[in-house]
Structures are given as structure tokens and as C-alpha cells.
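Next come the chains, spelled out residue by residue.
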2 protein chains.
Amino acid sequence: MVQLNDNYLKLKAGYLFPEIGRRVKVFCEANPEAARRVIRCGIGDVTEPLPPAVIAAMHHAVDEMAARETFRGYGPEQGYEFLRHAIAQNDYRDRGIDVADDEIFVSDGSKCDCGNILDILGAGNRLGITDPVYPVYVDTNVMAGHTGEADANGTYEGIHYLPCDAGNGFVPDVPAEALDVVYLCFPNNPTGATATRAQLEAWVAYALKNKSLLLFDAAYEAYISEPGVPHSIYEIPGARDCAIEFRSFSKNGGFTGTRCGFTVVPKTLLASTASGECKPLHPLWNRRMSTKFNGVSYIVQRGAEAVYSPEGKAQVRALIDHYMGNAAILRTAAREAGLPVFGGVNAPYIWVGTPRGLTSWELFDEMLTRANVVITPGSGFGAKGEGYFRISAFNSRENVEEVARRIRTL
Amino acid sequence: MVQLNDNYLKLKAGYLFPEIGRRVKVFCEANPEAARRVIRCGIGDVTEPLPPAVIAAMHHAVDEMAARETFRGYGPEQGYEFLRHAIAQNDYRDRGIDVADDEIFVSDGSKCDCGNILDILGAGNRLGITDPVYPVYVDTNVMAGHTGEADANGTYEGIHYLPCDAGNGFVPDVPAEALDVVYLCFPNNPTGATATRAQLEAWVAYALKNKSLLLFDAAYEAYISEPGVPHSIYEIPGARDCAIEFRSFSKNGGFTGTRCGFTVVPKTLLASTASGECKPLHPLWNRRMSTKFNGVSYIVQRGAEAVYSPEGKAQVRALIDHYMGNAAILRTAAREAGLPVFGGVNAPYIWVGTPRGLTSWELFDEMLTRANVVITPGSGFGAKGEGYFRISAFNSRENVEEVARRIRTL
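Residues numbered from 1 in each chain as written. Chains lettered and ligands numbered in written order. Predicted model: local features only at pLDDT ≥ 70, side-chain atom pairs only at ≥ 80, totals over all residues. Heavy atoms only, no water.

K.L.:
Explain the sheet that holds strand β14 (residues 376-377) of chain B to me, and be specific about the residues and the numbers.
P.N.:
Residue and element names in this part refer to chain B. Taking strand neighbours across the sheet as the criterion, the four strands line up as β11-β12-β15-β14 in an open arrangement whose pairing is antiparallel. The sheet is open, and its two edges are formed by β11 (341-343) and β14, each paired on a single side. Pairing of β14 with strand β15 (residues 388-392) involves two bridges; the strand directions are antiparallel. Each residue of the ladder has a partner; that of threonine 376, found in β15, is arginine 390. The strands touched by helix α10 (residues 310-336) are β11, β12 (349-353) and β15; relative to β11, the strand with the most contacts, the crossing angle is about 155°. (Pairing = 2+ DSSP bridges. Helix = DSSP H or I, 4+ residues; strand = E, 2+ residues; numbered from the N terminus. Contact = heavy atoms within 4.5 Å. Axes fitted to C-alpha atoms, helices over the stretch in contact; angles between N-to-C directions.)

K.L.:
Help me get a handle on the domain arrangement of chain A, residues and values and all.
P.N.:
All names here are of chain A. Per the domain assignment, the segments of chain A are domain 1 (7-48 + 311-409) and domain 2 (55-309). Between domain 1 and domain 2, the C-alpha centre-to-centre distance is 25 Å. The contact between domain 1 and domain 2 buries some 3,400 Å² in all, and 60% of this surface belongs to carbon and sulfur atoms. Taken together, the connections running from domain 1 to domain 2 amount to zero salt bridges. For the pair domain 1 and domain 2, the number of links is 18 residue pairs in polar contact (both at pLDDT 80 or more). When contributions to the side of domain 1 that touches domain 2 are tallied by element, the ones reaching two or more residues are α10 (310-336), β11 (341-343), β12 (349-353) and β15 (388-392). Looking at which element gives the most residues to the side of domain 1 that touches domain 2, the answer is α10, with nine residues. For the side of domain 1 that touches domain 2, the residue count by class is 20 nonpolar, eight polar and eight charged. (Domains from an automatic or database assignment. Buried area = accessible area lost by both parts, 1.4 Å probe. Salt bridge = Lys/Arg side-chain N within 4 Å of Asp/Glu carboxyl O. Polar contact = N/O pair within 3.5 Å; in protein donor to acceptor, adjacent residues only side chain to side chain. Nonpolar A, V, L, I, M, F, W, Y, C, P; charged D, E, K, R; others polar.)

K.L.:
How would you sum up the interface of chain B and chain A? Please name residues and give values.
P.N.:
Contact with chain B, which involves 86 residues of that partner, is made by 86 residues of chain A. Interface area for chain B against chain A, summed over the two sides, is near 7,300 Å², with a carbon-plus-sulfur share of 59%. It is Met1, Tyr74 and Arg287 of chain B that lose the most area in chain B upon contact with chain A, and together they represent 12% of the buried surface on that side. Where chain B touches chain A, the interface holds six salt bridges. Linking chain B with chain A are 49 residue pairs in polar contact (both at pLDDT 80 or more), by the criterion used here. Secondary-structure elements contributing two or more residues to the side of chain B that touches chain A are α3 (52-64), α5 (110-116), α6 (135-143), β9 (270-272), β10 (278-280), α8 (282-292) and α9 (298-306) of chain B. Element by element, the count of residues in the side of chain B that touches chain A is highest for α8 of chain B, at six residues. Tallied by class, the residues present in the side of chain B that touches chain A amount to 38 nonpolar, 27 polar and 21 charged.

K.L.:
Would you mind going over the relation of the copies chain B and chain A in detail, with residue names and values included?
P.N.:
Rotating chain B by 180° and translating it 0.0 Å along the rotation axis places it on chain A, where the RMSD comes to 0.0 Å. Overall, the copies show the geometry of a two-fold rotation axis. The C-alpha atom lying nearest the rotation axis in chain B is that of histidine 59 of chain B; the distance is 3.1 Å. In this assembly, 100% of the residues forming the interface of chain B have copies in chain A that are likewise at the interface, indicating an isologous arrangement. (Least-squares fit on C-alpha atoms with pLDDT ≥ 70 in both.)

K.L.:
Explain the packing of helix α3 (residues 52-64) of chain A against α3 of chain B to me, and be specific about the residues and the numbers.
P.N.:
One way to put it is that α3 of chain A packs onto α3 of chain B with a least axis distance of 10 Å and a crossing angle of 180°. Relative to α3 of chain B, the element α3 of chain A is oriented roughly antiparallel. Contact with α3 of chain A, carried on its side by Ile55, Met58, His59, Val62 and Asp63 of chain A, involves Ile55, Met58, His59, Val62 and Asp63 of chain B of α3 of chain B and no other residues of that element. Of the residues in the contact of α3 of chain A with α3 of chain B, the class split is six nonpolar, two polar and two charged. (Parallel < 35°, antiparallel > 145°, perpendicular 65-115°, else oblique.)

K.L.:
Can you break down the layout of surface pockets residue by residue, with the values?
P.N.:
As a volume, the second largest pocket reaches approximately 1,200 Å³. The wall of the second largest pocket is formed by 44 residues, among which Phe17, Ile43 and Asp45 of chain A together with Tyr74 and Gly75 of chain B lie closest to the centre. Elements that contribute at least two residues to the lining of the second largest pocket include exactly α1 (16-30) and α5 (110-116) of chain A. Tallying contributions element by element places α1 of chain A first for the lining of the second largest pocket, with seven residues. Here the residues of the lining of the second largest pocket are counted per class, giving 17 nonpolar, 14 polar and 13 charged. (1 Å grid on protein atoms, 1.4 Å probe; cavity = no way out; pocket = protein on both sides within 12 Å on 5 of 7 lines; lining within 4 Å. Points joined across faces, edges and corners; volume = space filled by probe spheres on them.)

K.L.:
Before we move on, can you summarise the side chain of aspartate 180 of chain A with the specific residues and values?
P.N.:
With respect to the helices, strands and loops of the structure, aspartate 180 of chain A is situated in the loop between β4 (159-163) and β5 (181-185). With relative accessibility at 3%, the residue aspartate 180 of chain A sits in the buried group. From its side chain, aspartate 180 of chain A meets the backbone nitrogen of methionine 1 of chain B in a polar contact 3.3 Å long. Excluding its chain neighbours within four sequence positions, the residues that come into contact with aspartate 180 of chain A are Gly124, Asn125, Arg126, Ser212 and Leu213 of chain A together with Met1 and Val2 of chain B. (Buried < 20%, exposed > 50% of the residue type's maximum accessible area, 1.4 Å probe, protein only.)

K.L.:
Kindly report on empty space enclosed by the protein, identifying the contributing residues and their values.
P.N.:
To find the voids left in a structure, one rolls a probe of water-molecule size over its atoms. Applying the stated criterion to the full structure yields six cavities of 30 Å³ or more. As a volume, the largest cavity reaches approximately 140 Å³. Asn116 of chain A together with Asp108, Cys112, Asn116 and Phe293 of chain B are the residues nearest the centre of the largest cavity, which is lined by 17 residues in total. Listing elements by their share of the lining of the largest cavity, those giving two or more residues are α5 and α8 (282-292) of chain A together with α5 and α8 of chain B. Grouping the amino acids of the lining of the largest cavity by side-chain chemistry returns six nonpolar, three polar and eight charged.

K.L.:
Provide a residue-level description of the pairing of strand β7 (residues 243-248) of chain A, including the pertinent values.
P.N.:
Residues and elements named next belong to chain A. Across the six residues that make up β7, a large majority, six, are buried. Here β7 shows two buried faces, one formed by Ala243, Glu245 and Arg247 and the other by Ile244, Phe246 and Ser248. Both strand β6 (residues 213-217) and β7 contribute to a ladder of four bridges, which runs parallel. In the sheet register, leucine 214 faces β7, and the bridge partner there is alanine 243. The pairing of β7 with strand β8 (residues 261-264) spans four bridges and is classified as antiparallel. Bridged to serine 248 within β8 is glycine 261.

K.L.:
Which residues make up helix α1 (residues 16-30) of chain B, and what values do they have?
P.N.:
Residue and element names in this part refer to chain B. Taking 1.5 Å of rise per residue, the 15 residues of α1 would be expected to cover 21 Å, and the 22 Å separating its terminal C-alpha atoms lies within 8% of that figure. Residues Leu16, Phe17, Glu19, Ile20, Val24, Phe27 and Cys28 constitute the buried set of α1. End-on, the buried residues of α1 take up no more than an arc of 165°, which puts them together on one face. Exposed and oriented more than 90 degrees from the buried face of α1 are Lys25, Glu29 and Ala30. (Expected span 1.5 Å × (residues − 1). Arc of directions from axis to C-beta.)

K.L.:
Explain unusual backbone geometry to me, using residue names and the numbers behind them.
P.N.:
Of note, the amide linkage connecting aspartate 131 of chain B to proline 132 of chain B takes the cis form, showing an omega dihedral of 5°. Along the chain, proline 132 of chain B falls in the loop between β3 (127-131) and α6. Cis geometry is found at the peptide bond from phenylalanine 186 of chain B to proline 187 of chain B, where omega equals -10°. Take proline 187 of chain B: it is sitting in the loop between β5 (181-185) and α7 (197-210). One non-glycine residue, asparagine 372 of chain A, adopts positive backbone phi at about 55°.

K.L.:
Which residues make up the side chain of glutamate 64 of chain B, and what values go with them?
P.N.:
Residue and element names in this part refer to chain B. With respect to the helices and strands, glutamate 64 occurs in helix α3. One buried charged residue, glutamate 64, remains without a salt bridge, the closest side chain of opposite sign being arginine 302 at 4.2 Å. Within the local environment of glutamate 64, its side chain forms a polar contact with the side chain of tyrosine 298, the two groups lying 2.7 Å apart. Residues in contact with glutamate 64, not counting those within four places in the same chain, are Thr70, Phe71, Arg72, Tyr298 and Arg302. (Lys, Arg positive; Asp, Glu negative; His and termini not counted.)

Now the structure itself:
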């Protein structure tokens, strides 16, 4: 008989956001009056329309698809050269970082890439994952059979958790143990923390010493407002030999529903075969993408390219400024409510301690039922997230000001 | 040290189509004069523009993304309800086939789905794969570690090959052995063959008896022109308990560069855990999609929905008629050249025996250098494809008539 992948049975409950959606739905159906007042600051989803430069580029691309002479069929699985070049030039080379066009792999989003990257890695790697963490890193490893069972806290056997709390500024210390694969995300989802140059240097030194692979998620890079904070792991010398970087158009261009991201796999990055031979990962990822993927929609790639045009850059800047203005309002409100507040300076997320010893889900339910505001419970991001909640700054100014009022009065 | 996935090292050379691209590039660079005459009938890529109904729907969706009130962020990972419903209604329920909206999972293409489906299956399943075959079925199993090494013919240990040749009309016989997972593709890529109702009934009976899973690829369903040929595996009673079906908008709506497809996972479909318990696969695929995928671009989903509008249906019909008119011309030309010809009646592919005992790649090189026509060598699809080549009917009428002339004179 056909066998299923038993590792899926180790997964705990639903993925975080579907569970939030479920609770909100139940509440709204039972309270149609309150339902109209509900403001969602839960899932980190943008709310503002796409930049006009992106809209114009996509209209143009749709028109190209309407005429035989300009129609595009299958594109390169790795992304069109026009986009790979725009990314490598603008996000890296213009900032003095050595990344070649063909080290850029365009995808339909960072979530896919973060999960799919496991395809090219072996099954026996010792994993380091921060706690709290974006749940996809954990769940995809569980699904791939890289962990044992979970305990009552949702902590999986076989993962080395790197605790992040107020004590270390939510940036994990380099561990004593030699880990093979370590996930780092800065600016961080969910805590909004950033790593300093010195902290990333310590991680690169660790990875080079232990021949580890850093999976560096920089999806929120555009929100960095303070000078001196690294935007890419490749700003650190040596990172080309130990790191893969994930980026997204979701949070700068607002592509959460349009779908585009990319992964940087340097050609200098090596991994070991079972017999101990060192081989580059770049050809493996290239093979993975050409065999299991067919490229991103041409229309969407033209939209992503427009993010790098002069108008696109100015429009994205205005979007970021809008969301970061929201973040400042929410930070102030939570602080004035007497809560411990983190993040929200270089990231669109505010990470807040719960009052009165409430658990994260207790606070979630209280915020939903009493303030009609949807937040994300910190424990959904890992055991160390218990006692915290995340507020997303992705919203209209009007909604954010209303949420700030409700937080103050609660 | 970080370990790579050693299974990738078992893969033979490049994926077929990149290798074709490489040879064409080398020829064209060395022969700039002939390069201008080259006509590509290799990769099965559409050439005609998207239907006007699709273009209009996508322009409208792009405009929705430009205004806050109609902007769409993250959509459901499984696809928007409007599209899942249109698919289930038009492709299934209107044809008397029982498929629910939430058994449809919208994706960015069948190639992705065919590979990703392995995520939810166990590692010890006995695999049945036709020979010749769409290479993705084989390569993704190799990458997932479901096979041993390949021999000199590219035949992998651990795969039960189901030979398809002129003797069985390119439809594999049900084997004596109990296999757990069997890939079937009808109308077939590359041979253009279709399975009769009786043949599919035999496969469903086999699967029910052995509790096997049929992975049924119906990407070319729209090209069926003869009455009585099944369009879906679910036309066969019992198939809901043993089959997953893959479909694509690539070859009906012309979405090869726009990217949309879907997979049908019936809720009645069970698989076994390691301990022998039967569980449904639907929740596993749902979990896979919500954890490792973020849905297809909203703009593209609106385009796919338009394929089902009255105008969309008529326009798709005209596209299919165009390509099938091409297929008829190519069939006639190859037959008049004295070659054994198969397919091209219910599929956009013509499968042709090579003359003079040439190997498939020898014929590829001869067609490229002497006729300046790019075909696909049959051996690229498996050992049993040796001595055949595939001509794609995806082209302009003008090009197809020119290819027909060159085949006759060669």
C-alpha cells in the first residue's frame, strides 16, 4: 500500500496563521456587531496598493502577452536576466557587495525558498533555529524528517534552539556546539530586532570555523532605518563561503499577493558529500529550480523589475515610511500602556510583553474580544515567545491610530 | 560540516530541455546564417498570445492592485475560492464528476506539483514510471532519494519501468507486481497517446486492489478530439479512492509564461502510516501547501478564472484548433516522408520513428544542422524513447508549413 510521509504527523496543530484566522472567524460569526470593528494587526500582510511604477510595468507586460511578437512562454527557471541583473546590481553591487547576476534565483516568494532549500541539503545536519522564530523554518524541517517528536511546548527533538530574549537583545549568541545549518533572520520576524555588524561577524566566523551554512533571511531589509545596521549577510567578509540569503518583494514592493522573491546562492559556497568531498551548492540549487520549478510569471517579474526604477524606488521608500510611521505610533501607545516594547525601529513589527502574567493566547483572546484587535501571540513563534505578542505595523494610518487608542484604553 | 543531498549526484547530465538549448545555442553561434532559419519544435511551449478574455481579466486585476479598497495581499495558499469553484464546476461537476471545490489546490504549475507531491509520500514506496516519460517524474524521485544509481542508459535502480511502445499503443499494461505509486500521463507527453476508458478502468482496478496511488497527469486534456476518450481519471468509478490528478493552464490557456495549474486531491484518498494505519492525504497536502507555498499571484488567478468564461472558452477552443491543425500538417508530412507516426490526434505532440536506424540524438543533430529544425530526441524521455523523436505542434501555421516542407525534402 502507498505510504504517506509520517513526519507530517509530528507537526503540532495548524500552522500559526490559519489558527489565528480560525479564531477570528469564530469570534466574528458569533459577534457580527463587533466583527465590523475588528482591526487586523496579526499576520504581517501589507495593506497599501502596489507602487504605480509596478502597476504600469505589469500593465505593459500583460499587453506584451496579448501579441504574438511579444508573447512570452516558458522563461528561464532561475528568473529573467533583466530581473537577476537588476537585483544583483541594485541590492548588492551598488552597495559594494560582490554578487553575480547568476547567483540570484528568482522565485515566487521567500516562504517557498526557505522550505525548498532543504531539498539540496542532507538529512543529518545539526540544526540551529532561534526561539522565537518564523514557524516555517521549524515546520519544514519537521516535514523533511530532520527532527524527532515535539514535547508539550512544541519543542522538537533534534533541533538546537537558540534562545532570543530581552537579555541578549533578541540576537542569539554563537553556541559552543558545532551546528551545521543555522537560520538567522534580521531584521527579525517576529521580534523586530536587528543584528549589529559585530554580531554578524561573530556568526560568520563561527560558520567558517565549523563549516556551517547560515540561512540568512533578509525579507525585512528595506525597513532598516538606523545607519550601520547590515542589510545583507554578504556585507560581512567571508559570508560568500558560508551563507545563503533570502529576500522578498513582499514587504518592500507590497508583493504579498503578487508573489516574488529571490535567493542568493554564491558559487563559492561548498557543502560536503556523504563521503566527505566538498562540492558547490550552486549547481544543486540550479538543478532543483530547473527540475521542480518553471519560473515566476513574466508579468510579475516585470513588476519586480520596476521596484528598482527611480520612480519605483521613491514609491517603495514612501510605502516603507508610511509603515514605519505606523510602527512609531504603535510603539508609543504600547509604551504608554506600561508594556515592555521591543522592535519597530528597523522592522515593521513591535514585540510587546503581555501584562498581568497573561499567556500569549490569553492576551490574543482578550485583544480580540475586548479591543477587537487581532495580534499575533508570541508563543506561536516558539516556547520563548510565550508572554509576548507581535503587533504588525502593516495597516492604514487611520486603523493604526484607532488601534493605538484601544491599546491605551484597554 | 554542512552536508548536501547526495541523491542529486545520481542525476544524469542536464535536464533534457537545458541540454537541447545548449546544443541549439552552440549551433546558432557557429552558423549565424542558418541560425536565422531555425524553427523550434522542441520544447512543448505555446507560441500564440493569451486569450483576450484572460488579458482583460489580468488588466482588471492589476488595476485592483493599484487601489487600497481592492488591493489583495496574501491570498489563501490553496487558491482563491473563485478559482477553485470555477475549476471544480467546469472541469468536473459539469461533466458529471464528483469533485468538491476544496479538493482543488491551485498552484504555479504542474511541474511544481508533480515534484512537490513527493513531500507528502513515504520514502519506501515501490514506484512505477512509464518509459518513455516526462523526465520530471523520474528526476524528482531521484532527488528525493527514492532510487538507486542509474546505469549507462539512464535507467535507475529502484524504479519499475513500464515500457510503452508501438506494441501496446504506448499505453502501459497493468504489471503483475504490486506497485505503490504509479505515474500515468494521458494524453501522453511525449508520445501523444491516449488511454481508453477500458485501459484506465484496468489501472483503477489495479490500484484499488493493491492500494496503490495513481498520479494522473492530465495537463494535455484540452487536446482530446475523439469522443469517448476520458478527460479525467475521475471519470472512472473508484478513482477518487486511488488517484491524484494534475492539470495545467499552460497548454489550454497558453499560461507557460504566466504560470498556473492545479492538483486534485480527493478527501476520500487514503495512504498508510509506517504503523499501518490508514489516513487521508488531503490534510497532508493542505498542510504542505500552507507551510511551503503562499498561493499563486492574484493577477494570474483572475486570468485563469477567465479561461472558464464563455468568451474564454471559445478563445481557448480556437487556440487548441490552431495547434491541432498544425499537428495534422506535421503528421501528414512525417507520414509522407515514410516515417512511422504516432500521436498528434488527441495531443499536440507527434511521436515519430527515426529513419535509417539513427539514434534520437543523431536525428536531433541532423534535423538541426541540415533542416534547421529543433525537435526533441526521444531518448531524452527514457531508454524506450530511443529511435523516436517528438515534434511539437506549438507554433505559428507559417512555421509549421515550413517545417513540413523541410521534413519532406530532407
